[in-house]
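One-letter residues, chain by chain:
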Amino acid sequence: MTVIAEILVSFFLVVGGIFGLVGSLGLLKLRTTMQRLHSPTKATTLGVGGVLIASMLYFLLVGGMLSFHELLITLFLFLTAPITAHFIAKTYMVMNLKPTDLPETGRGPGWAIYDDAPESETDDRT
Amino acid sequence: MIARLVPHPILSATLTLVWLGLVNKVTLGNLLLGSVLGLAIPMLTAAYWPNRPKLRKPLVAVRYIGMVLWDIVIANVEVAMIILFKKRDEVHSQWIVVPLDLTSPEAITWLAGTITLTPGTVSATLSADASSILVHCLHTDDPGGVRDTIKARYEAPLKEIFP
């Protein structure tokens, strides 16, 4: 393993570690649930991303082969992180907020967690 | 007939590629097995996916993904700065309502996912008729600006991608 490869891999590991740490720190520091939701969805993405890049570089430069697993982990992470955040946000809103706590939708019906969809748009696929 | 056998060509291709990535080795056998999975899974689940979304401009989609990846890196740094250097009371979080021009469910899903992954914003819920999206912003003093950025930077390309 050449020195340059070592430096590159360690650089991305350290970057990943720092962002992972900051993301976890955000969970402690921020006050409301909605604020805390920001820190795992972002800071941790780059934290995991840094470790994945380091892993890809390691297998490429040392093992001499291209590894696709890291790309897949990235793909799955990007698919699941927003959905999880969305679920947590909705659960929080249903349990703790009233419709008056939120701004108006600006168009006819209210937010989907309180109001049903208007009749005309229910099933246009059948 | 072909539409019946291959209801979602892009999904089939994606599944095959994901399979090849999972086994981490490209051989003829793996390619065949991947293709079988890529063909069988969409066929079996076609009943749950009645829509056939069409990508109108794949190149715009590729550029969009690249732009979002870059924005995610920026988002991480910005959120990290807010977490590290702002006092608790200085974080001005607020709700932002973004009216939507997009109509297809796939496009709205993309937009909501993008909003959650990028600078200091999380998409929380849609209005009941899916005409606006509620976004929670971690720190901003200019809600109108954030709304306009989302509309110009993310919604405009999505309008081109999904007809």
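Per an unreviewed UniProt entry, the recorded name for chain B is Na+/H+ antiporter subunit E, and the organism is Frigidibacter albus. In its Subcellular location (unreviewed entry) section, the UniProt entry covering chain B states "Cell membrane".

Where an unreviewed UniProt entry is consulted, chain A appears under the name Na+/H+ antiporter subunit G, with the organism given as Frigidibacter albus.

Caption draft 1: Structural detail: the UniProt feature "transmembrane region" (unreviewed entry) in chain A. Residue and element names in this part refer to chain A. In this numbering, the UniProt entry assigns the feature "transmembrane region" (unreviewed entry) to residues 6-31, 43-65 and 71-89. Within the segment residues 6-31, helix and strand shares are 92% and 0% respectively, and the terminal C-alpha atoms sit 40 Å apart. In the segment residues 71-89, helix accounts for 100% and strand for 0%; the C-alpha atoms at its two ends are 27 Å apart.

Caption draft 2: Representation of the sheet that holds strand β2 (residues 121-126) of chain B in the model. With antiparallel pairing, three strands are arranged side by side in an open sheet as β1-β3-β2 (chain B). Two strands bound the open sheet, and with one partner strand each, they are β1 (94-99) and β2 of chain B. Strand-to-strand twist in this sheet, taken as the mean axis angle between neighbours without regard to direction, amounts to 30 degrees. Here β2(B) runs beside strand β3 (residues 132-137) of chain B; their pairing, made up of five bridges, is antiparallel. Among the inter-strand pairings, Leu126(B) is bridged to a residue of β3(B), identified as Ile133(B). Where helix α3 (residues 69-96) of chain A meets the sheet, its contacts fall on β1, β2 and β3 of chain B, and the angle it forms with β2(B) comes to roughly 60 degrees.

Caption draft 3: Layout of the packing of aromatic side chains. Residue and element names in this part refer to chain A. Using the criterion set out here, one finds three aromatic pairs over all chains in the structure. Here the aromatic rings of Phe-11 and Phe-12 are separated by 5.3 Å at their centres, their planes lie at 75 degrees, and the arrangement is edge-to-face. The class for Phe-12 is partly exposed, based on a relative accessible area of 21%. With a centroid separation of 5.7 Å and 80 degrees between ring planes, the pair formed by Tyr-58 and Phe-59 is classed as edge-to-face. By relative accessible area, Phe-59 is classed as partly exposed at 34%.

Caption draft 4: A look at the packing of helix α1 (residues 3-29) of chain A against helix α4 (residues 58-85) of chain B. Here α1(A) crosses α4(B) at 50 degrees, and the two axes come no closer than 9 Å. In terms of orientation, α1(A) and α4(B) fall into the oblique class. Regarding α1(A) and α4(B), the two cross each other, and that crossing is left-handed. Between α1(A), through Phe19(A), Val22(A), Leu25(A), Gly26(A) and Lys29(A), and α4(B), the contact on the second element is made entirely by Asn76(B), Val77(B), Ala80(B), Ile82(B), Ile83(B), Leu84(B) and Phe85(B).

Caption draft 5: Structural view of the nonpolar core. The biggest cluster of nonpolar side chains holds 24 residues, and the ones touching the most others in it are Leu111(B), Ile133(B), Leu158(B) and Ile161(B). Broken down by secondary-structure element, the contributors of at least two residues to this core are α4, β1, α5 (105-117), β3 and α6 (143-161) of chain B. The element best represented in this core is α5(B), accounting for six residues. In this structure Leu111(B) touches Leu100(B), Leu102(B), Ile150(B), Tyr154(B), Glu155(B) and Leu158(B), once residues within four positions along its chain are discounted. Judged by nonpolar contacts, the second largest core, of 14 residues, contains Met93(A), Leu102(A), Trp111(A) and Ile113(A).

Caption draft 6: Seen up close, α6(B). Residues and elements named next belong to chain B. For α6, with 19 residues, the first-to-last C-alpha span of 27 Å sits near the 27 Å given by 1.5 Å per residue. The sharpest bend along α6 measures roughly 35 degrees and falls at Glu-155, with the proline Pro-157 sitting one to four residues further on. Residues Val-146, Ile-150, Tyr-154, Glu-155, Pro-157, Leu-158 and Ile-161 constitute the buried set of α6. At its buried positions, α6 is contacted by α4, β1, α5, β2 and β3.

How each quantity is defined
Each chain has its residues counted from 1, running along the sequence as written. Here chains are named by letter from A upward and ligands by number from 1 upward, in the order in which they appear as written. Thresholds applied to this predicted model are a pLDDT of at least 70 for local features of residues and 80 or more for the giving and counting of side-chain atom pairs; totals over whole chains, interfaces and linings are not thresholded and use all residues. Excluding hydrogens and water, the side-chain values take into account all heavy atoms of the structure. UniProt positions are given in the numbering used here, feature names are shortened, and annotations may be inferred rather than shown by experiment. Helix numbering and strand numbering both begin at the N terminus, where a helix is a DSSP run of H or I of at least 4 residues and a strand a DSSP run of E of at least 2. The pairing criterion is simple: DSSP has to find at least two bridges between the two strands. Inter-axis angles, ranging from 0 to 180 degrees, are taken between N-to-C directions of lines fitted to C-alpha atoms, where helices are fitted over the stretch in contact. Only heavy atoms enter the contact rule, under which two residues are in contact if any of them lie within 4.5 Å. Any pair of Phe, Tyr and Trp rings, taking the six-membered ring for Trp, is counted once the centres come within 6.5 Å. Such a pair is stacked with planes under 30 degrees apart, edge-to-face with planes over 60 apart, and tilted for the rest. A 1.4 Å probe rolled over the protein chains alone gives each residue an accessible area, and that area as a share of the maximum for its type sets the label: buried under 20%, exposed over 50%, partly exposed in between. By the definition adopted for this analysis, an angle is roughly parallel if under 35 degrees, roughly antiparallel if over 145, roughly perpendicular if from 65 to 115, and oblique otherwise. In this scheme, a crossing is called left-handed if the near helix is turned counterclockwise away from the far one by less than a right angle; it is called right-handed if the turn is clockwise. The definition of a nonpolar core used throughout is a set of buried Ala, Val, Leu, Ile, Met, Phe, Trp, Tyr and Cys residues joined through side-chain atoms within 4.5 Å. Helix span, expected: 1.5 Å multiplied by one less than the number of residues in the helix. A residue's bend is simply the angle between two axes: one fitted to the seven residues ending at it, one to the seven starting at it.

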